[in-house]
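Residue strings, one per chain:
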Amino acid sequence: MAKSQTNRVALLGAGPRGTSVLERLLANWAAESGKGETLHIDVVDPYPAGSGHVWQPEQSRLFLMNTQSFYPTLIPEDPRLAPPLAGVSFDQWREARRRDGMGLNDAEKAELATLESHDFPSRALYGRYLRQTLEGLLDRMPDGVEVTFHETLAVAARPVKQEEESGFDVELANGVTLTVGSVVLALGHIESRLNPEQRSFKSAADEQGLLYFPPAPPADVDWQAVPDNEPVLVRGMGLNFFDVMGQLTEGRGGKFVDAGTPGAGVLEYRASGREPKIIAASRRGTPYRAKAGLAGYYPSSITMRYLTEDAVDRFRAAGIQPGFDHDLWPLLHRDALWAYYSTLARSQATAIKDPAQFLADLEDALQPHAHTTANWESDVGDLVEKHVVASRRLNLRGLAAPLAGRTFASRRELDAAITAYLDDDARRSALGEADPVKMAIGALHTGRAILKSVVADGGITDESWLAGLRGWFESFVEGLASGAPALRSEQLAALARAGVVSFVGPDPKFSVDRGAKVFRAVSPWVHDTPVEARTLVEAMSPANRVGINLSPLLEQLMADGLVRTKIMMGAEGTPMQTTGLDVEPHPYRPLAANGSITKDLYVLGLQLSASQWGTAIAAEARPLTGPAYASGQRTLRDADEIARSILGR
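A brief report on the enclosed structure follows.

Definitions and limits used
Residues numbered from 1 in each chain as written. Predicted model: local features only at pLDDT ≥ 70, side-chain atom pairs only at ≥ 80, totals over all residues. Heavy atoms only, no water. Helix = DSSP H or I, 4+ residues; strand = E, 2+ residues; numbered from the N terminus. Rg over C-alpha atoms; globule rule 2.2 N^0.38 Å. Buried < 20%, exposed > 50% of the residue type's maximum accessible area, 1.4 Å probe, protein only. Areas by Shrake-Rupley, 256 points an atom, 1.4 Å probe, with all protein chains shown as cover. Lys, Arg positive; Asp, Glu negative; His and termini not counted. Charge placed at Lys NZ, Arg CZ, Asp CG, Glu CD. Pairing = 2+ DSSP bridges. Axes fitted to C-alpha atoms, helices over the stretch in contact; angles between N-to-C directions. Core = buried A, V, L, I, M, F, W, Y, C linked by side-chain atoms within 4.5 Å. Contact = heavy atoms within 4.5 Å. Salt bridge = Lys/Arg side-chain N within 4 Å of Asp/Glu carboxyl O. Phe/Tyr/Trp six-rings, centres within 6.5 Å; stacked < 30°, edge-to-face > 60°. Lys NZ or Arg CZ within 6 Å of the ring centre and 35° of its normal. Parallel < 35°, antiparallel > 145°, perpendicular 65-115°, else oblique. Nonpolar A, V, L, I, M, F, W, Y, C, P; charged D, E, K, R; others polar. Expected span 1.5 Å × (residues − 1). Arc of directions from axis to C-beta.

1. Comments concerning the overall build of the protein
Here comes step 1: Looking only at helices and strands, one finds 18 helices and 24 strands in the protein.
Here comes step 2: In terms of C-alpha radius of gyration, the protein reaches 26 Å, essentially the compact-globule figure of 26 Å for 649 residues.
Here comes step 3: Seen through its principal axes, the protein has C-alpha atoms that stretch 75 × 65 × 60 Å.
Here comes step 4: Within the protein, buried positions represent 55% of all 649 residues.
Here comes step 5: As displayed, the protein offers around 26600 Å² of accessible surface, 50% of which is attributable to carbon and sulfur atoms.
Here comes step 6: Placing the 67 positive and 81 negative side-chain charges of the protein at their respective mean positions leaves the two points 3 Å apart.

What follows is the structure, given as structure tokens:
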């Protein structure tokens, strides 16, 4: 747009990321004089601003966050950034609202009455925090700023056509066109095309009178449409699975109570009689491992010894672009081994012959330059075999696949094995920092935060990103470190004992029997008849891939060559399409089809998944020190960079 007295910005997306940019625009504007200019911010989202689509306060309170109350914040606490005009962390907000109840309904007050700093809040309550924080910001709006909200969808953004002007004409679904100087894409989760198998299931359901629920945010689904007392196949046992589980059990009047029978697990389930028969399936055959009970986001007893900032700096100083499998994973693997065996020596010393000598020898064996890459793991294995009883030796890869190598004579036998696994995993979570398995996972979780900074913006080779980080490690570490609260494992075990939930088994194969008019699932590792149901639920969110999105805005931007999908080169020089947009940091501006930077257009959040790893977390980390600071507040710092660029600061 031609240089004028008004700087006009369009924020497309008003969830946490879009609101972060709004907060940073206001903070940076207030920190310096507007120099006679005015700032006009257009916020475009069909959902109410602040909470956006995912965090709506009106959703079921059974949907829990995956982080504890002390962790998330919308407001940066980095002293290097312009000070915020208003707002506090979620935990500070929780304490204040528990005292005064300001602006809360009865359900929110009831949740806050028992919600502590280490507890997992509902997504609905976090949504209320986001909305109230936005309201506080708007109440403190600096002079010279105007904010207009448009509860509709942006369907196109085209460069203005007038000569000697820059900026965009942003077309809205309600027919309004906004002419602005800059545009921020903070689109978050967007609908995507179904894959061929999903399309075939949807088509079969339409033709045969079956029920098929494709991937969707859980709060968007009509769970009452799932029939009572009938089998329902649920594919996927990640975080969305527990949302499905809650809606079809507690959401139908069932109750979890403390178990009164010794050996019957922590909880018992009292059915309402309206529950369907849930039959759960996933590639591993089990849910993600539950989070450990910790006082902080990372274990206080874990200090990274090998994958450290100093180790990363040595790569940079030597001019080395590290490979994941060759350079980074061996360091993190060492940290996980040390965390496990040092915890074992501390909490179960009888499992180790001469614990002090063993740890001294292990420390020598783990030194990165003491052995060649080819044999250090073998040397550690020999040492462990010599000192540690067989039942306490760590099988790190096996932790993520607890059913690997096992076959089952029946699904009843499988159900018993998974229930025992859930009980054991919840018990370990309760032990917290005294459990060696949870501390090995804690090291992986801590290392993941360091990796997020290392690999960002081309920090590792394309081949390593595709084959190592995303090829195997992402799934591996998510299954171990991205699980639900331990309460969910206790509840699932109770449901399995009550006969409300059963399981298909690892590596399930799904099909439709059009003659019998049923969906069918079978595991090659379970010698029993196939599972059949007239309802199939995909317990997962829509795929985060810009190449298969159903956003009219992104489709238009791609069609006009203003943005493009990032292409990486595989092991044999084969170009491979990634999940995110091709961008130029910092701040993140998309590359056009011809490789030039599309000026005055910025990207924040999920669509950066080809440049940043772990973009799905919208609840930003609060800590100012340690690995959480380097990775968790990344989006808040990215929002600040975007705001400063827009304001010319």
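2. Quick word on the sheet that holds strand β16 (residues 518–522)
Here comes step 1: In spatial order, the strands read β15-β16-β17; together these 3 strands make up an open sheet with antiparallel pairing. Of all the strands in the sheet, the pair left with one neighbour each is β15 (509–513) and β17 (531–533). Taken over all neighbouring pairs, the strand axes of this sheet differ in orientation by 25° on average, direction set aside.
Here comes step 2: As paired elements, β15 and β16 share 5 bridges and run antiparallel to each other. Considered in β16, the bridge of Phe510 is made with Ala521.

3. Brief notes about the nonpolar core
Here comes step 1: Of all hydrophobic cores here, the largest spans 58 residues; its most connected members are Leu328, Tyr341, Phe358, Leu362, Leu444 and Phe473.
Here comes step 2: Elements with a contribution of two residues or more to this core: α7 (309–317), α8 (324–347), α9 (355–366), α10 (376–387), α11 (396–399), α13 (436–455) and α14 (462–481).
Here comes step 3: Top element by residues in this core is α8. It accounts for 13 residues.
Here comes step 4: Among all residues touching Leu328, those that are not within four sequence positions of it are Leu307, Phe315, Pro322, Gly323, Leu451, Val454, Val455 and Ile460.
Here comes step 5: Core analysis: the next-biggest nonpolar cluster, separate from the first, contains 37 residues, Leu267, Ala417, Ile418 and Leu492 among them.

4. Here we look at the pattern of salt bridges
Between side chains of opposite charge, a pair can form when the charged atoms approach closely.
Here comes step 1: The full count for this structure, using the stated rule, is 37 salt bridges.
Here comes step 2: For the salt bridge of Arg131 with Glu58, the shortest nitrogen-to-oxygen distance reads 3.1 Å. Taken together, the positions of Arg131 in helix α4 (residues 123–139) and Glu58 in the loop between β2 (38–44) and β3 (72–73) put the pair 73 residues apart, joining distant regions of the chain.
Here comes step 3: Classification of Glu58 as exposed rests on a relative accessible area of 54%.
Here comes step 4: Between Asp424 and Arg427 there is a salt bridge, and its shortest N-O distance comes to 2.7 Å. Remark: Arg427 and Asp424 occur in helix α12 (residues 411–431); sequence separation between them is 3 residues, near one turn of the helix.
Here comes step 5: With relative accessibility at 42%, the residue Arg427 sits in the partly exposed group.
Here comes step 6: Put simply, Asp424, Arg427, Arg428 and Asp435 are held in one network by salt bridges that share partners.

5. Thoughts on the packing of aromatic side chains
Both the distance between ring centres and the angle between the ring planes are used here to describe each pair of aromatic rings.
Here comes step 1: Applying the stated rule across the entire model yields 25 aromatic pairs.
Here comes step 2: Taken together, a centroid distance of 5.4 Å and an interplanar angle of 70° make the contact between Phe241 and Phe242 edge-to-face. One exposure class covers both Phe241 and Phe242, and it is buried.
Here comes step 3: When the ring of Trp472 is compared with that of Phe476, the centres are 5.9 Å apart and the planes differ by 50°; the resulting orientation is tilted. A residue pair is termed a helical-turn pair when its members lie 3 or 4 positions apart in one helix, as Trp472 and Phe476 do in helix α14 at 4 residues.
Here comes step 4: One aromatic cluster is present, formed by Phe324, Trp329, Trp472, Phe473, Phe476 and Trp613 through successive ring pairs.
Here comes step 5: Here the guanidinium or amino end of Arg334 rests over the ring plane of Trp376, the centre of that ring lying 4.0 Å away.
Here comes step 6: The side chain of Arg397 reaches across the aromatic face of Trp472, ending 4.1 Å from its centre.

6. Points about the environment of Arg406
Here comes step 1: With respect to the element layout, Arg406 can be found in the loop between α11 and α12.
Here comes step 2: The exposure class assigned to Arg406 is partly exposed, which follows from its relative accessible area of 39%.
Here comes step 3: Those residues in contact with Arg406 that lie beyond four places of it in its chain are Ala417 and Trp525.

7. Some details on unusual backbone geometry
Here comes step 1: In this structure, the amide linkage connecting Pro585 to the following residue, His586, adopts the cis form with an omega of -20°.
Here comes step 2: You can see His586 is positioned in the loop between β21 (583–584) and β22 (589–590).
Here comes step 3: With an omega dihedral of 0°, the bond running from His586 to Pro587 counts as a cis peptide bond.
Here comes step 4: In this fold, Pro587 is placed in the loop between β21 and β22.
Here comes step 5: Within the chain, Asp354 stands out as a residue other than glycine whose phi angle is a positive 55°.
Here comes step 6: Considering the arrangement of structural elements, one finds Asp354 in the loop between α8 and α9.
Here comes step 7: The exposure class of Asp354 is partly exposed, given its relative accessible area of 43%.
Here comes step 8: The phi dihedral of Asp507 is positive, around 50°, even though this residue is not glycine.
Here comes step 9: The residue Asp507 is located in the loop between β14 (501–503) and β15 in this model.

8. Here we look at the packing of α9 against α10
Here comes step 1: Between α9 and α10, the shortest axis-to-axis distance is 9 Å and the interhelical angle comes to 170°. As summarised for this structure, α9 and α10 are arranged roughly antiparallel, according to the angle between their axes. Contact residues: α9 offers Phe358, Asp361, Leu362, Ala365 and Leu366, while α10 offers Trp376, Val380, Leu383, Val384 and His387.
Here comes step 2: Tallied by class, the residues present in the contact of α9 with α10 amount to 8 nonpolar, 1 polar and 1 charged.

9. Considerations on helix α5 (residues 196–208)
Here comes step 1: Given a rise of 1.5 Å per residue, 13 residues ought to cover 18 Å, and the 18 Å separating the end C-alpha atoms of α5 matches this to within 8%.
Here comes step 2: Within the sequence span of α5, burial applies to Gln198, Phe201, Ala204, Ala205 and Gln208. The buried side chains of α5 occupy one side of the element, clustering within an arc of 125° when seen end-on. Residues Pro196, Asp206 and Glu207 are exposed on α5 and point more than 90 degrees away from its buried face.

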